[in-house]
Amino acid sequence: MSGWLGKTGKQGQSPHGSARQALIFVLLAVAAAWLMSGLFVLQSGQQAAIFRLGQFHRMTAHVGLNWALPYPIESHEVLKLAETGSVVIGDAPSVPHSGLRAEQMMTADGSIVEVHLLAQYRIRNMSQYLLHQAEEAEALVKLAGAHAVRAVLGGMRLNELTAGDAQKVDAQAIARRVRPVLQAALDAGQSGIEITGLSAAGNAIRLPKAVQA
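Criteria and cut-off values
- Counting of residues starts from 1 at the beginning of each chain's written sequence and follows it residue by residue.
- The model is predicted, so local features are restricted to residues of pLDDT at least 70 and side-chain atom pairs to those at 80 or more, both for listing and for counting; the totals for chains, interfaces and linings are taken over all residues.
- Side-chain measures were taken over the full set of non-hydrogen atoms in the model, leaving aside hydrogen atoms and water.
- The pairing criterion is simple: DSSP has to find at least two bridges between the two strands.
- For helices the rule is a DSSP run of H or I covering at least 4 residues; for strands it is a run of E covering at least 2, with both sets numbered from the N terminus onward.
- Helix axes use the C-alpha atoms of the stretch in contact, all axes being lines fitted to C-alpha atoms, and the angles between their N-to-C directions lie in the range 0 to 180 degrees.
- Between two residues, a contact is recorded if the distance between any of their heavy atoms is within 4.5 Å.
- Three labels apply to residues, based on accessible area from a 1.4 Å probe with only protein chains included: buried if under 20% of the type maximum, exposed if over 50%, partly exposed otherwise in between.
- Buried Ala, Val, Leu, Ile, Met, Phe, Trp, Tyr and Cys residues form a nonpolar core when they are joined through side-chain atoms within 4.5 Å.
- The scheme is simple: roughly parallel for angles under 35 degrees, roughly antiparallel for over 145, roughly perpendicular for 65 to 115, oblique for anything else.
- What makes a crossing left-handed is the near helix being turned counterclockwise from the far one by less than a right angle; a clockwise turn instead makes it right-handed.
- Polarity classes work like this: nonpolar for Ala, Val, Leu, Ile, Met, Phe, Trp, Tyr, Cys and Pro, charged for Asp, Glu, Lys and Arg, and polar for all others, with Gly in that last group.
- The term salt bridge refers to a pairing of a side-chain nitrogen on Lys or Arg with a carboxyl oxygen on Asp or Glu at a separation within 4 Å.

Colleague: Outline the sheet that holds strand β10 (residues 193-199), supporting the account with residue identities and numerical values.
Modeller: Two pairing modes exist for strands in a sheet, parallel and antiparallel, and in both the strands are linked by backbone hydrogen bonds. Taken in spatial order, the three strands make up an open sheet running β6-β9-β10, and their pairing is antiparallel. The open sheet terminates on both sides in strands that have one partner only, identified here as β6 (84-89) and β10. Adjacent strand axes in the sheet meet at a mean angle of 25 degrees when their direction is disregarded. Along the sheet face, helix α6 (residues 171-188) touches β6, β9 (117-123) and β10 and points at about 170 degrees away from the line of β10.

In structure tokens:
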């Protein structure tokens, strides 16, 4: 009897062999499901940033089925090809110990000017942006814009801003001067961000009453 039960080739499979096969099947199923979890689909106008071990690794814009190594080795984030936005320049944090409010800038001759500009931007190089930038695009444009405005106004005298009329400042002219300075700063930092427009309302750049007097 014991000899008959020990035979597995002709009379049947031992319980140990069946359990081993079941375990192998379960492990293969789990491995297949894990590998398939790296599949994702991109639609037209989308791209994906692939992160390996939490760090940006590559971009892909292949429309249709894509695959990345499954989590936790790699992960992905689906993005639009040209994400855009707008931000107000002039309400970024003030320069420390300057005594100026966030919207106030100083001219070359020490006059105070209040500035608010509206910047439109788009991310023209997503891989460059993800590789080099730690800040959100909006915060980056806001901060770089504030520095660009201070740089431009810091090199101009009050009479250049007003053209002799202390009640009026040519806001659009200031915006035109600021834009290339802002873009150059973003390019120098390899931000991957393009300024598509920089505008100012009629009262976006104005002189405080004390300065007007």
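Colleague: Give a description of the environment of I195 that names residues and reports values.
Modeller: Residue placement: I195 occurs in strand β10. You can call I195 buried: its relative accessible area is 1%. Linking I195 and T84, residues 111 residues apart in sequence, is a C-alpha distance of 9.8 Å. Those residues in contact with I195 that lie beyond four places of it in its chain are Q120, Y121, V141, R179, L182, Q183 and L186.

Colleague: Could you give me a rundown of unusual backbone geometry, with the residues and numbers involved?
Modeller: Residue P72 follows Y71 across a cis peptide bond; omega there is 15 degrees. Checked against the element boundaries, P72 lands in the loop between β4 (64-67) and β5 (74-80). Of note, L53 is a non-glycine position whose phi angle comes to about 55 degrees, a positive value. In this fold, L53 is placed in the loop between β2 (46-52) and β3 (55-60). On the basis of relative accessibility, which here comes to 66%, the residue L53 falls in the exposed class. At Q190, a residue that is not glycine, the phi angle is positive and equals roughly 50 degrees. With respect to the helices, strands and loops of the structure, Q190 is situated in the loop between α6 and β10.

Colleague: Account for the nonpolar core, naming residues and giving values.
Modeller: The nonpolar side chains of a soluble globular protein tend to be buried with one another. Among the nonpolar cores identified, the biggest contains 35 residues, and L117, V149, L153, V178 and I193 are the most heavily contacted of them. Taken together, the elements giving at least two residues each to this core come down to β2, β6, β8 (112-115), β9, α3 (126-132), α4 (137-154), α6 and β10. In terms of nonpolar packing, the next biggest core, distinct from the first, is built from five residues, F40, L42, A48 and I50 among them.

Colleague: Explain the packing of α4 against α6 to me, and be specific about the residues and the numbers.
Modeller: One way to put it is that α4 packs onto α6 with a least axis distance of 8 Å and a crossing angle of 125 degrees. Relative to α6, the element α4 is oriented oblique. Helix-helix and strand crossings are classified by hand; for α4 and α6 the assignment is right-handed. Only I174, R177, V178, V181, L182 and L186 of α6 make contact with α4, whose side of the interface consists of L140, V141, A144, G145, A148, V149, V152 and L153. Taken together, the residues of the contact of α4 with α6 break down into twelve nonpolar, one polar and one charged.

Colleague: Summarise the pattern of salt bridges; cite the residues concerned and give the values.
Modeller: Applying the stated criterion to the full structure yields four salt bridges. A salt bridge links R58 to E74, with the nearest nitrogen and oxygen atoms 3.3 Å apart. Highlighted residues: R58 in strand β3 and E74 in strand β5, separated in sequence by 16 residues. Residue R58 is classed as partly exposed on the basis of its relative accessible area of 29%. D187 is the salt-bridge partner of R124, the closest N and O atoms lying 2.8 Å from each other. One end of the pair, R124, is in the loop between β9 and α3; the other, D187, is in helix α6, with 63 residues separating them in the sequence. Among the charged side chains, a network of salt bridges with common partners joins R52, R58 and E74.

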